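# Reading the structure
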Amino acid sequence: MTSTSRSIPFYDADQVRELLDFEGCIGAVRDAMRNFTAGGTEQPLRTIIPLAPGDLFALMPGMLEAPHGFGAKVITAYADRNDPGRSAHRGVVVLFDRADGTVACIADAGEVTHIRTAAASAVATDALARPDASRLAVYGCGAQAWTHVRAIAKVRALSEIIVWARSQDAAEAFAVRAEAATGVPARAVMDGRLAAQDADIICTVTGSATPVLLGEWVRPGSHVNIVGSSHAGPVEIDDALVVGSRFIADSRRSVLAAGAEFLNAKAAGLIDDDHIVAEIGEVLLGQIDGRTSNEDITLYKSLGHVVQDLAAAGYVHSKALQR
């Protein structure tokens, strides 16, 4: 742990990676989303400032339930000029102490985002996927794909990992790496239809601006995590999958403001706001059934919420203090 001139604990990317284990982060995110819904407090939407094509600056303020802290994530997302379709997230999560308003800690936002986003998908998968779901298809092979493979393996006994990417070399290399890390057989598939049809858990974690997953490909009973698009505009799935799914939001208000796939289908007149059947917190609290039958296609739209970042930073800080 290093410190700023004011002796505020700062956790860099390596320290976050070391301290923010998947089991702990999944538990922290599960509690944060449950309490976010139970608390009923309206939290601000994120502010996004476009800087240039592919580059943006975002501010995400919010608070955890009392007596836990409050704070913000301040982050940039810049397009990778050497790898079109991907972007790098850089910034900090600042967690304040609720009791006296002092800064409790600062953590690297890029690494917190990588891990907590996958943890949120794991929470949703645990709540929404069939208990016997075991075949995971991942669309994408970047940093989020890597954390998602490892996080989903914590909530389901995976029998196979299927990797789709536009680059065959990248997909094959990722499959080798995923199998080595998890012990689960993994293979690369270049046909997106086949990847979906062989899976019962699907995660889209790409930077694509157009659909990489179509509703006609997804088998009844599947669970889908839609993660790659975090603002209105880029879409990873088509309208048919949105319409044909039991649609669960991390935050209903966030999806209505910035859930690109949902907004596209709504603009086409195919759905209305009531198509969001629940927030994941309502499912976790037992207020609304996430899955009503083995034939449901459940869909979790992950925009990411600052309570996940604050909970993850708080977990990192608590774990460091215990050392």
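Scope of this entry: the structure provided in the associated data block.

Rules used in this analysis
Residues numbered from 1 in each chain as written. Predicted model: local features only at pLDDT ≥ 70, side-chain atom pairs only at ≥ 80, totals over all residues. Heavy atoms only, no water. Helix = DSSP H or I, 4+ residues; strand = E, 2+ residues; numbered from the N terminus. Buried < 20%, exposed > 50% of the residue type's maximum accessible area, 1.4 Å probe, protein only. Contact = heavy atoms within 4.5 Å. Areas by Shrake-Rupley, 256 points an atom, 1.4 Å probe, with all protein chains shown as cover. Lys, Arg positive; Asp, Glu negative; His and termini not counted. Charge placed at Lys NZ, Arg CZ, Asp CG, Glu CD. Phe/Tyr/Trp six-rings, centres within 6.5 Å; stacked < 30°, edge-to-face > 60°. Lys NZ or Arg CZ within 6 Å of the ring centre and 35° of its normal. Salt bridge = Lys/Arg side-chain N within 4 Å of Asp/Glu carboxyl O. Core = buried A, V, L, I, M, F, W, Y, C linked by side-chain atoms within 4.5 Å. Pairing = 2+ DSSP bridges. Axes fitted to C-alpha atoms, helices over the stretch in contact; angles between N-to-C directions.

### Digging into the overall build of the protein
A tally of helices and strands in the protein yields 11 helices and 15 strands. By principal-axis analysis of the C-alpha atoms, the protein measures approximately 55 × 40 × 40 Å. A burial count over the protein gives 53% of its 323 residues as buried. For the protein, restricting intrachain contacts to residue pairs at least 6 apart in sequence, the fraction spanning at least 24 positions comes to 70%. Carbon and sulfur atoms make up 51% of the accessible area of the protein, which amounts to about 13300 Å² in all. Across the protein, the mean location of the 29 positive side-chain charges is 2 Å away from that of the 39 negative side-chain charges.

### As for helix 4 (residues 143-152)
Of all 10 residues in helix 4, eight are buried; the element is thus mostly enclosed. Taken residue by residue, helix 4 has Gln144, Ala145, Trp146, Thr147, His148, Val149, Ala151 and Ile152 as its buried positions.

### Section: the packing of aromatic side chains
By the definition in use, this model includes four aromatic pairs. Taken together, a centroid distance of 5.3 Å and an interplanar angle of 5° make the contact between Phe70 and Phe96 stacked. One end of the pair, Phe70, is in strand 5 (residues 70-79); the other, Phe96, is in strand 6 (residues 87-96), and 26 residues separate them in sequence. Between the aromatic rings of Trp146 and Phe174, the centroid separation amounts to 6.0 Å while the plane-to-plane angle is 90°, which identifies the pairing as edge-to-face. Here Phe174 lies in helix 5 (residues 168-182) and Trp146 lies in helix 4, a separation of 28 residues in the sequence. One Lys or Arg, Arg177, reaches over the ring of Trp146 and ends 3.7 Å from the middle of that ring.

### Quick word on the environment of Leu194
Of note, Leu194 is situated in helix 6 (residues 192-197). Along the chain, Leu194 and Ile276 lie 82 residues apart, while their C-alpha atoms are 28 Å from each other.

### What about the pattern of salt bridges?
Here the structure, examined in full by the defined rule, presents 20 salt bridges. Here Asp309 makes a salt bridge to Lys73, at a shortest N to O gap of 3.1 Å. Of this pair, Asp309 sits in helix 11 (residues 306-321) while Lys73 sits in strand 5; the two residues are 236 residues apart in sequence, bridging distant segments of the chain. Overall, the relative accessible area of 2% leaves Lys73 in the buried class. Note that Arg252 is salt-bridged to Glu282, the shortest N-O span being 3.4 Å. Note that Arg252 is positioned in helix 8 (residues 252-258) and Glu282 in helix 10 (residues 280-284), a separation of 30 residues in sequence. If you follow the salt bridges from partner to partner, you end up with Arg130, Asp132, Arg135 and Asp200 in one network.

### What to know about the nonpolar core
Counting residues in each nonpolar core, the largest one holds 72 residues, and the members touching the most others are Tyr11, Leu136, Ile161, Phe174 and Ile280. The greatest single-element share of this core, amounting to 10 residues, is contributed by helix 3 (residues 109-128). Sequence-distant contacts of Ile161, that is, excluding residues within four places in its chain, are made with Leu136, Val149, Ala178, Thr182, Val184, Pro185, Ala186 and Arg187. In this structure, Ala196, Leu213, Val218 and Ile226 belong to the second largest nonpolar core, which totals 28 residues.

### Thoughts on the sheet that holds strand 11 (residues 201-204)
Hydrogen bonds along the backbone pair up the strands of a sheet, which may run parallel or antiparallel. Strand order in the open sheet made by the eight strands is 10-9-8-11-12-15-13-14, with parallel pairing throughout. A strand with exactly one partner marks an edge of an open sheet, and here the two such strands are strand 10 (186-188) and strand 14 (276-279). Averaged over all pairs of adjacent strands, the angle between strand axes in this sheet comes to 20°, irrespective of strand direction. Where strand 11 lies against strand 12 (residues 223-226), four bridges are found, and the strand directions are parallel. Counterpart to Ile202 in the pairing with strand 12 is Val224.

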